[in-house]
Amino acid sequence: MPEAVLAGLWGLVAGSALLLGAALGYGLRVPSWLVATVMAFGAGVLISAVSFELVGESYDQGGLGPAVAGTLAGGVAYTAGNAALARRGARHRKRSGDGGPGQRQPSEAQQEGSGVALALGALLDGVPESAAIGVSLLDGGEVSLVTVVAVFLSNVPEGLSSSAGMRAAGRRPGYVFGVWGGIAAASTASAVLGYAVVGGLPTGVQAAVTAVAAGGILTMLADTMIPEAFARAHLAIGLVLVCGFLVSFGLSHA
């Protein structure tokens, strides 16, 4: 099987978790403490994957310079996009809907254009993760299962929490599942592009691009996933994050 197709299939597998989470979040009344728990676990998983699979790989490929420059560039790019979308109603796109005033997703009536901003925000969150899956294939022709598992495990709570918030904001099922279906398709395309585009670049540039994905993911965690996890924190929430980190760490060293 061509490796570009393989990258797309793995991207689709990871992206399908968004639809699974969306179905759970929209169809069920998930307790806020459980949303916080799965968010914290997913954040821990991604932090480990970023550290050992992306930044570590970037450093091994190109040294400290490309790793630092790429990570910073990814963080800056994500922050710029997130700031622009936040002004249009996507600031709390991961919120499950039970936050206080100013801490939940707006409806279209409350802020016109917020539906488009929410969709674009979900795309902004998902692209770096999926691109990282495609890039991981460049290391010996085999996908990093740790990266796939990390993205899959983090996508379930992302879709769950955000779709619950969309339901609370009065958005219809067609909109909710259309958004997450579109993001799953974009995840497939991003994984293919991550492999096909980055694969033709010099090694030092590959290292920097890998780190760009890492910077985007790490900034996304701090801006969206971790705040949602700790908004409804229980006493063990930090321990749950540590468990997620250790699961991903164990997989990367198995």
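Residues numbered from 1 in each chain as written. Predicted model: local features only at pLDDT ≥ 70, side-chain atom pairs only at ≥ 80, totals over all residues. Heavy atoms only, no water.

Before going further, it helps to spend a moment on the overall build of the protein chain. In terms of helices and strands, the protein chain carries eight helices and zero strands. Along the protein chain, helices and strands appear, N-terminal first, in the series α-α-α-α-α-α-α-α. Every one of the 254 residues in the protein chain was classed for burial, and the buried ones make up 46%. Within the protein chain, contacts between residues separated by at least 24 positions form 84% of all contacts whose residues are at least 6 apart in sequence. Total accessible area on the protein chain is roughly 10600 Å²; 70% of this is exposed by carbon and sulfur atoms. (Helix = DSSP H or I, 4+ residues; strand = E, 2+ residues; numbered from the N terminus. Buried < 20%, exposed > 50% of the residue type's maximum accessible area, 1.4 Å probe, protein only. Contact = heavy atoms within 4.5 Å. Areas by Shrake-Rupley, 256 points an atom, 1.4 Å probe, with all protein chains shown as cover.)

The next point concerns the UniProt feature "transmembrane region" (unreviewed entry) in the protein chain. The positions UniProt marks with the feature "transmembrane region" (unreviewed entry) are residues 6–26, 33–52, 64–85, 175–198, 204–222 and 229–251. In this annotation, residues 64–85 is assigned 100% helix and 0% strand; the end-to-end C-alpha distance for the span is 32 Å. Helix makes up 100% of residues 175–198 and strand 0%. Its end C-alpha atoms lie 33 Å apart. (UniProt positions renumbered as here; feature names shortened; annotations may be inferred.)

Core analysis: the biggest nonpolar cluster contains 32 residues, and A40, L46, L54, I133, I217, L221 and M225 have the highest contact counts within it. Every element with two or more residues in this core is listed here: helix 1 (3–27), helix 2 (32–62), helix 4 (114–136), helix 5 (145–168), helix 7 (203–231) and helix 8 (237–252). Of all the elements, helix 2 adds the most residues to this core, at ten residues. Sequence-distant contacts of I217, that is, excluding residues within four places in its chain, are made with L46, V50, L54, P128 and E129. (Core = buried A, V, L, I, M, F, W, Y, C linked by side-chain atoms within 4.5 Å.)

Within the element layout of this structure, V146 appears in helix 5. Through-space distance from the C-alpha of V146 to that of A254 is 9.8 Å; in sequence the pair is 108 residues apart. Setting aside residues no more than four positions away along its own chain, V146 makes contact with E53, S248, L251 and S252.

Time to look at the environment of G126. You can see G126 is positioned in helix 4. By relative accessible area, which is 9% here, G126 ends up buried. Taking the C-alpha atoms as reference, G126 lies 6.6 Å from S187; in sequence the two are 61 residues apart.

For any two helices packed against each other, one specifies the crossing angle of their axes together with the interaxial distance. Relative to each other, helix 5 and helix 6 (residues 173–199) sit at 150°, their axes nearing to 10 Å. By the angle between their axes, helix 5 is roughly antiparallel relative to helix 6. For helix 5 against helix 6, the interelement crossing comes out right-handed. In this structure, helix 5 contributes E158, G159, S162, S163 and M166 to the contact, and helix 6 contributes Y175, V176, V179 and W180. Counted by class, the contact of helix 5 with helix 6 contains five nonpolar, three polar and one charged residues. (Axes fitted to C-alpha atoms, helices over the stretch in contact; angles between N-to-C directions. Parallel < 35°, antiparallel > 145°, perpendicular 65-115°, else oblique. Left-handed = near helix turned anticlockwise from the far one by under 90°. Nonpolar A, V, L, I, M, F, W, Y, C, P; charged D, E, K, R; others polar.)

On the surface, a nonpolar cluster with roughly 420 Å² of combined accessible area is contributed by Y59, L64, V68 and L72. With three residues, helix 3 (residues 64–90) is the single largest residue contributor to the nonpolar patch. Among the structural elements, V68 can be located in helix 3. (Patch = residues over 30% accessible without salt bridge, like charges linked within 9 Å, V, L, I, M, F, W, Y side chains within 5 Å. Salt bridge = Lys/Arg side-chain N within 4 Å of Asp/Glu carboxyl O.)

Here helix 1 spans 36 Å end to end across 25 residues, near enough to the 36 Å set by a 1.5 Å rise per residue. Looking at helix 1, one finds that the buried residues are A7, G8, G11, A14, G15, A17, L18, G21, A22, G25 and Y26. (Expected span 1.5 Å × (residues − 1).)

Relative to the assigned elements, S48 resides in helix 2. The exposure class assigned to S48 is buried, which follows from its relative accessible area of 1%. Those residues within four positions of S48 in sequence are excluded, and the remaining contacts are E53, F245, S248 and F249.

Along the chain, S162 falls in helix 5. In sequence terms S162 and A122 are 40 residues apart; their C-alpha atoms lie 8.9 Å from each other.

Applying the stated criterion across every chain, the model contains three aromatic pairs. Pairing F52 with F245 gives two aromatic rings, centres 6.0 Å apart and planes at 65°, and the pair type is edge-to-face. Taken together, the positions of F52 in helix 2 and F245 in helix 8 put the pair 193 residues apart, joining distant regions of the chain. Residue classification places F245 among the partly exposed residues on the basis of a relative accessible area of 24%. (Phe/Tyr/Trp six-rings, centres within 6.5 Å; stacked < 30°, edge-to-face > 60°.)

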